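Secondary and tertiary structure notes
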Amino acid sequence: MSNALWIAVLASAAGTLLIRLLPLLWMQRRLARQASDDRLEAMPQWLSLLGPLMIAALFGVSLMPVTPDAVSWLATAIGVLATLAVWWYKRTLGWPVAAGVAAYGAVMMLLG
Amino acid sequence: MNLQAASSPSRAWLTGMSEAVPLLGGYVPVAISFGLIATQAGFSAWEAVAISTLIYAGASQFLFVGMVAAGAPLWLVVAMTLLINLRHVVYAPNLAPWLTPSRLWPWLMHGLTDQIFALAHARLPQLPAAQRLGWYTGAALLAWLSWIGGTALGALVGGELVARWALMGEILPFALPALFLVLVAPRFTSRRWSLALGLTILSALLLTLLGLTNVAIPLAAVCGALCFQLVKFGHTAERKDAQGERHE
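Residues numbered from 1 in each chain as written. Chains lettered and ligands numbered in written order. Predicted model: local features only at pLDDT ≥ 70, side-chain atom pairs only at ≥ 80, totals over all residues.

Take the interface of chain A and chain B next. The interface is formed by 64 residues belonging to chain A together with 78 residues belonging to chain B. At the level of elements, α1 (3-34), α2 (45-62), α3 (70-90) and α4 (94-111) of chain A are the ones that each hand at least two residues to the side of chain A that touches chain B. With 21 residues, α1 of chain A is the largest single contributor of residues to the side of chain A that touches chain B. In terms of residue class, the side of chain A that touches chain B is made up of 45 nonpolar, 16 polar and 3 charged. (Contact = placed C-beta atoms within 7 Å. Helix = DSSP H or I, 4+ residues; strand = E, 2+ residues; numbered from the N terminus. Nonpolar A, V, L, I, M, F, W, Y, C, P; charged D, E, K, R; others polar.)

Rendered as structure tokens:
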């Protein structure tokens, strides 16, 4: 890589870190200023709304199969149902994910 | 990988790592693809690894190497990379109420990817304060190392891997939607939240289907937030939804 390209990599890296870091410093200062017993009360409502909604959006985006066709969409639907069913009974992180991947994989291998 | 809190600070590291394992199913295949594409675009293996180590942001890395290979001006490459990562702005403030006093936290924000945010947003409130730094460090470190390792693998032997295990490359990434589903499912606590979350999921999927993957996450979240603010079911109990949700 040329020097200019290295500078572009470093600028992108520094910029990305600042995008993740500066809002934290802003929020920590805000929390410290308010000195509230309940630190959650200090968070703006729009921000606390966006947290869960961003996770929901990540879920929506990630539903898109690597190769979108009828079989992979069917596998996605069955994988989602299997994940939900195991989560409903176990309320853990690992087992529902494993069950979802197994169900998705089984459909892909059988029909794909 | 139980949702119970880790029992000691040293175990918190391991708990964080073990709970981040499902992320690897999504990270490693994508990182292998990145390593392969970066070398095909003219980067050496160690340059691809350096990009993954330093920038550490999936979609924007693909854009970075693609634009460089296409001969785009470098200022535009940097600007577009940062624009794609701008959605990360809302992540750290959402975690801030649960972060303990430590000078390490700002540096650990390098590891605050979409997936680590989703995991930490669900888990940090459930952990005792003493466990949070260790838990986050373990989870973020495993995810980061898997991304770097996957990139190296893709850059060095990616072509062969993709040819031999093409189906695994399609199956393992389902770990990501499965994990996000497990993290978002407990948020369906009321009709108002269910409607907002459902609309967010559908609009994100629709935008992705339309090829607008990079703007799908922030746009869909804004759609859901507008829906939450506009739709009221007339129950006073639901007025406190936004506050109540954060305490769960």
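In the predicted model, chain A carries a mean pLDDT of 88, and 93% of its residues have values of at least 70. The least confident element of chain A, judged by mean pLDDT, is α2 of chain A at 86; the most confident is α3 of chain A at 94. (pLDDT = per-residue confidence, 0-100.)

In a regular helix each residue adds 1.5 Å, so 32 residues correspond to 46 Å; α1 of chain A covers 46 Å between its end C-alpha atoms and thus fits that length. The sharpest bend along α1 of chain A reaches about 30° and sits at Ile19 of chain A, with the proline Pro23 of chain A one to four residues further on. When α1 of chain A is considered as a whole, its buried residues turn out to be Ala8, Val9, Ser12, Ala13, Thr16, Leu17, Ile19, Arg20, Leu21, Pro23, Leu24 and Met27 of chain A. The secondary structure elements touched by the buried residues of α1 of chain A are α2 (45-54), α3 (58-69), α4 (74-85), α5 (91-95) and α6 (104-108) of chain B. (Expected span 1.5 Å × (residues − 1). Bend = angle between axes of the 7 residues up to and from the residue. Buried ≥ 20, exposed ≤ 12 C-beta atoms within 10 Å, placed from the backbone.)

This paragraph deals with the packing of α2 of chain A against helix α7 (residues 114-123) of chain B. Following both chains from N to C, one finds α2 of chain A and α7 of chain B inclined at 130°, their axes separated by 10 Å at the closest point. In terms of orientation, α2 of chain A lies oblique with respect to α7 of chain B. The handedness of the crossing between α2 of chain A and α7 of chain B is left-handed. Here Gly51, Ile55 and Leu58 of chain A of α2 of chain A lie close against α7 of chain B, whose contacting residues are Asp114, Ala118 and His121 of chain B. (Axes fitted to C-alpha atoms, helices over the stretch in contact; angles between N-to-C directions. Parallel < 35°, antiparallel > 145°, perpendicular 65-115°, else oblique. Left-handed = near helix turned anticlockwise from the far one by under 90°.)

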